[in-house]
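# Chain and residue survey
Spelled out from the first residue to the last, the chains are:
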Number of protein chains: 2
Amino acid sequence: MNDVAIVGTGQTKFSKDDGDVEKLLFESTKNCIQSVRNCEPKDVEGVLVSTNNNSKYLGAILSETMGIQPKISHSIEHLCSSGTNALISGYAYIFSGLADIILISGVESATNPGQILEWDKSRGSFEHPIYWASMLTKSYKRKFQITEEELAIVSAKNHKQAMDNPFAYSNEPRTISEVMNSKQITDDLRILDCSRSCSGSSSILLASEEKAKTISDQPIWIKGIGQKTTSASFTKNILEEIESTRIAAKTAYKMAKIGPNDVNVAEVHDAFSVCELMAISELGITASDKSGEFVRDLFNTENRMINPRGGLIGAGHPLGATGISQTIEIATQLQGKSEKRQISNLKTGLIHNMSAAGTSSSVVVLEN
Amino acid sequence: MNDVAIVGTGQTKFSKDDGDVEKLLFESTKNCIQSVRNCEPKDVEGVLVSTNNNSKYLGAILSETMGIQPKISHSIEHLCSSGTNALISGYAYIFSGLADIILISGVESATNPGQILEWDKSRGSFEHPIYWASMLTKSYKRKFQITEEELAIVSAKNHKQAMDNPFAYSNEPRTISEVMNSKQITDDLRILDCSRSCSGSSSILLASEEKAKTISDQPIWIKGIGQKTTSASFTKNILEEIESTRIAAKTAYKMAKIGPNDVNVAEVHDAFSVCELMAISELGITASDKSGEFVRDLFNTENRMINPRGGLIGAGHPLGATGISQTIEIATQLQGKSEKRQISNLKTGLIHNMSAAGTSSSVVVLEN
């Protein structure tokens, strides 16, 4: 067999400070390698850095700093889903036998590029993501009779869940009414509907089946992978759907030999409140016209199934680190090591990470 | 079997003009897909862009332009060896079953970043690559009694070979004496010892064994892969060696089950004249103290075994495209389609691509 496992994880606190990407990478990588019982920097055969930062040769710089002399090293960029792109690339290197242990490190500074679709002027100067998010929100609410309160619950729930995440950007609880009365940004969006760009780094160590069994007590296995890019422009999107997520999920479920009902816990890409509702629908976890109700039930029963670490809205969104941080949460949950955030009886978890108004999605299924 | 083949190739002319990366990518990709008998853009499942350009989401932009809706897409950066990093990543995706057909497109504009080791101030303001190349040249010449004429032959040979490459930056023949009398840049380097940064794009289509046999008459197989990063700083290097190349070559030969004597043709990373001599030594094609003589013999007998397309010195060095262009040359030679440049009786070819003063190397072995 050629299974690939997550064997180590490390993070930095996400913050609004303008972070130094090299220092952030070093900190999360150090924490990551130290988290593994029996692994030294010299054992690491690949270093993939996921970021939108413009610095060059970061894979080699991180390797130098850590005392790693890898076979494979480079940087990977695909906007907000750079992290899962790097993770899946690491999987492929290990599965194909080119390396046994690979470090995946994501990093972003709050002021890094990659936060707007610079090439897409089809809405004139309305180029900030809040405008596409606003259009999606208006359309999705109308088509599926989602209420303003249900949207506000997404944010209130994720802020609440982030309170138990020591790495989260936000440590403030937000009530539904605080969300609904927060500063209005567009007709359909308030400030607390939006994730915040921030600085932070997250790292994962991947290992081949053989290595994983010797260096880890609780390897978490990558069982399903799906990816899809449908467009480079938001213009082509149907406003109530995220086609790339639907296709990626189908591929990932097929590979993992599961269906959406088997998913016990998921981190989904809630760049804005509406994205969480759209994501859980496209992933098949609930129906679109039930998505508001679904999230309301989670909130009322304190069920952390969706975005237990607080999602992007609660934990912050350091672009290149986001997908890796999502993956760390699911892996840690499946190991039973999520402390105050721990959900019981988990077997299967899912990560959903997307880019550029949902024009591109990655879905990864993990099992313990 | 899980073999991976090169099934299509496409290039643009390399030039000193400040190129538009999107247009260059489009041109080489169009040529690449058209080169394959039975492949449409919709069949392409992955788009990996290798570049040092700071534009984001180029994989999706190229896909949009071409009518591709890939599973996998992102950009890859590792300075001058970004191209082979992307190629090897594509191999891993296909080998692991995540995709059957992947496009690898490298691009650079002459003014793009990535041309100096910005983080390495250990030689003060002497940060341009000519300074490390000058130090390597002085040391290598002294240790292995290489003459100035032998170094000049590298450049004269590669300029001559580039004359038959319609995509090359240089179309001018350069005699040994012209090289030796060209403008002096440092104590040990003249202008014609240096490759030129330029604009250009090169694309390759990779396919799984099963797909390759249905869409290509002459698939070229990737049989060996080796990579190594030893440092992020030139300072640690021993001046007469390129350790990363030696290690990468050993891995690639082992995987391909061949030795250096089996190599019939090679593209090596002659960023400067001395790099060609060092590369062919570290690859085991000749001994270090015979490398000058070896290249003199090639030149005198018009044997194109090393850098048949003109290498970086003759063809130009658009960073992110270089490794892909080197690979195209070896694949085309192994297909017997190199026209005026064709070498006869080829079975095995090799690509050597490196970054940042040889601190990182990739070696790839191809067979027909």
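These numbers were taken from a predicted model, which means no experiment stands behind them. (Residues numbered from 1 in each chain as written. Chains lettered and ligands numbered in written order. Predicted model: local features only at pLDDT ≥ 70, side-chain atom pairs only at ≥ 80, totals over all residues. Heavy atoms only, no water.)

### Some details on the packing of helix H4 (residues 129–144) of chain A against helix H9 (residues 273–282) of chain A
Residues and elements named next belong to chain A. Closest axis-to-axis distance for the H4/H9 pair is 9 Å, and the angle between their directions is 60°. As judged from the angle between their axes, H4 and H9 are oblique. Viewed along their axes, H4 and H9 form a crossing whose handedness is left-handed. Between H4 and H9, the contacting residues are Trp132, Ala133, Leu136, Thr137 and Tyr140 on the first element and Val274, Cys275, Leu277, Met278 and Ser281 on the second. (Axes fitted to C-alpha atoms, helices over the stretch in contact; angles between N-to-C directions. Helix = DSSP H or I, 4+ residues; strand = E, 2+ residues; numbered from the N terminus. Parallel < 35°, antiparallel > 145°, perpendicular 65-115°, else oblique. Left-handed = near helix turned anticlockwise from the far one by under 90°. Contact = heavy atoms within 4.5 Å.)

### Quick notes on the side chain of serine 216 of chain A
Residue and element names in this part refer to chain A. Along the chain, serine 216 turns up in the loop between helix H7 (209–215) and strand S6 (220–229). Judged by its relative accessible area of 10%, serine 216 falls in the buried class. Polar contacts involving the side chain of serine 216 include one to the main-chain amide nitrogen of glutamine 218, which spans 3.1 Å. Dropping the residues within four chain positions of it, serine 216 is found in contact with Val7 and Arg37. (Buried < 20%, exposed > 50% of the residue type's maximum accessible area, 1.4 Å probe, protein only. Polar contact = N/O pair within 3.5 Å; in protein donor to acceptor, adjacent residues only side chain to side chain.)

### Considering the pairing of strand S2 (residues 46–50) of chain A
All names here are of chain A. Summarising burial for S2: five of the five residues are buried, a large majority. Neither face of S2 is exposed, since Gly46, Leu48 and Ser50 on one face and Val47 and Val49 on the opposite face are all buried. Bridge count for S2 against strand S3 (residues 72–77) is five bridges, and the pairing is parallel. What sits directly across from glycine 46, in S3, is isoleucine 72. Direction of pairing for S2 relative to strand S4 (residues 101–108): parallel, over a ladder of five bridges. Directly across from valine 47, in S4, lies its bridge partner leucine 103. (Pairing = 2+ DSSP bridges.)

### With respect to the relation of the copies chain B and chain A
Overlaying chain B on chain A yields an RMSD of 0.0 Å, the required transformation being a rotation through 180° with an accompanying axial translation of 0.0 Å. What the rotation and shift describe, once combined, is the action of a two-fold rotation axis. Taken together, the interface assignments show that 100% of the residues at the interface of chain B recur at the interface of chain A, consistent with an identical surface on both copies. (Least-squares fit on C-alpha atoms with pLDDT ≥ 70 in both.)

### A word on the interface of chain B and chain A
Interface extent is often summarised as the accessible area lost during association of the parts. Between chain B and chain A, the contact holds 46 residues from the first and 46 residues from the second. Taking both sides of the interface into account, the surface hidden between chain B and chain A amounts to around 4000 Å²; carbon and sulfur atoms contribute 56%. For the pair chain B and chain A, the number of links is zero salt bridges. In this assembly, chain B and chain A are joined by 28 residue pairs in polar contact (both at pLDDT 80 or more). Mapped by element, the contributors of at least two residues to the side of chain B that touches chain A are helix H2 (58–66), strand S3 (72–77), helix H3 (82–95) and strand S6 (220–229) of chain B. Of the residues forming the side of chain B that touches chain A, the biggest block, seven residues, is contributed by H3 of chain B. Looking at the side of chain B that touches chain A residue by residue, the class counts come to 19 nonpolar, 21 polar and six charged. (Buried area = accessible area lost by both parts, 1.4 Å probe. Salt bridge = Lys/Arg side-chain N within 4 Å of Asp/Glu carboxyl O. Nonpolar A, V, L, I, M, F, W, Y, C, P; charged D, E, K, R; others polar.)

### Remarks on the pairing of strand S1 (residues 4–11) of chain A
Residue and element names in this part refer to chain A. Counting buried positions along S1 gives seven out of eight residues, so the element sits mostly inside the fold. When S1 meets strand S5 (residues 200–208), the two strands line up antiparallel, connected through seven bridges. Paired with glycine 8 across the strands is leucine 205, a residue of S5. Pairing between S1 and S6: two bridges, direction antiparallel.

### Looking at the environment of glutamate 367 of chain B
Residues and elements named next belong to chain B. Relative to the assigned elements, glutamate 367 resides in strand S9 (residues 360–367). It is 6.6 Å that separates the C-alpha atoms of glutamate 367 and lysine 223, two residues lying 144 residues apart in sequence. If sequence neighbours within four positions are ignored, glutamate 367 has contacts with Ile220, Trp221, Lys223, Ala256, Ile258, Leu334, Lys347 and Thr348. Polar contacts involving the side chain of glutamate 367 include one to the side chain of lysine 347, which spans 3.4 Å.

### Some words on the domain arrangement of chain A
Residues and elements named next belong to chain A. Segmenting chain A into domains produces domain 1 (4–112 + 198–220) and domain 2 (129–195 + 224–367). On a C-alpha basis, the centroid separation for the pair domain 1 and domain 2 is 24 Å. Each partner contributes residues to the interface: domain 1 has 37 residues there, and domain 2 has 38 residues. Carbon and sulfur atoms make up 64% of the surface buried where domain 1 meets domain 2, a total of about 3000 Å² over both sides. If you sort the residues of domain 1 by the area they bury against domain 2, Phe14, Cys80 and Ile220 come out on top, with a joint share of 23%. Remark: the boundary between domain 1 and domain 2 carries zero salt bridges. Our enumeration of links across domain 1 and domain 2 arrives at 16 residue pairs in polar contact (both at pLDDT 80 or more). If you list the elements that add at least two residues to the side of domain 1 that touches domain 2, you get S1, helix H3 (82–95), S4 and S5. (Domains from an automatic or database assignment.)

### What about a negative patch on the surface?
On the surface, Asp17, Asp18, Asp20 and Glu22 of chain A cluster together into a negatively charged patch. With respect to the helices, strands and loops of the structure, glutamate 22 of chain A is situated in helix H1 (residues 21–34). (Patch = residues over 30% accessible without salt bridge, like charges linked within 9 Å, V, L, I, M, F, W, Y side chains within 5 Å. Areas by Shrake-Rupley, 256 points an atom, 1.4 Å probe, with all protein chains shown as cover. Lys, Arg positive; Asp, Glu negative; His and termini not counted. Charge placed at Lys NZ, Arg CZ, Asp CG, Glu CD.)

### Digging into the nonpolar core
Side chains of nonpolar character tend, in soluble globular proteins, to be buried together. Counting residues in each nonpolar core, the largest one holds 66 residues, and the members touching the most others are Leu206 and Leu366 of chain A together with Leu206 and Leu366 of chain B. Ranked by size, the runner-up nonpolar core spans 50 residues in total, among them Val154, Phe299, Met305 and Met354 of chain B. (Core = buried A, V, L, I, M, F, W, Y, C linked by side-chain atoms within 4.5 Å.)

### Let's talk about the packing of H3 of chain B against helix H12 (residues 319–335) of chain B
All names here are of chain B. Taken N-terminus to C-terminus, the directions of H3 and H12 make an angle of 60°; their axes are 5 Å apart at the nearest point. By the angle class used here, H3 and H12 are oblique. Contacts between H3 and H12 involve Ser82, Gly83, Thr84 and Leu87 on the former and, on the latter, Gly320, Gly323, Ile324 and Thr327. Of the residues in the contact of H3 with H12, the class split is two nonpolar, six polar and no charged.

### A few points about helix H4 (residues 129–144) of chain B
The end-to-end C-alpha distance of H4 of chain B is 22 Å, a good match for the 22 Å that 16 residues give at a rise of 1.5 Å each. Looking at the buried positions of H4 of chain B, the neighbouring elements they touch are helix H5 (148–162), helix H9 (273–282) and helix H10 (291–300) of chain B. (Expected span 1.5 Å × (residues − 1).)

### Topic: the pattern of salt bridges
Residue and element names in this part refer to chain A. The tally for this structure, following the rule as stated, stands at 42 salt bridges over all chains. As a salt-bridge pair, glutamate 178 and arginine 174 come within 3.8 Å of each other at their nearest N and O atoms. The class for glutamate 178 is partly exposed, based on a relative accessible area of 35%. By relative accessible area, which is 22% here, arginine 174 ends up partly exposed. As a salt-bridge pair, glutamate 282 and arginine 246 come within 3.0 Å of each other at their nearest N and O atoms. Placement of the pair is glutamate 282 in helix H9 and arginine 246 in helix H8 (residues 243–256), with a sequence separation of 36 residues. A residue is classified by how much of its surface remains accessible, and arginine 246, at 35% relative accessible area, is partly exposed. The network of salt bridges with shared partners includes Glu149, Glu150 and Arg296.

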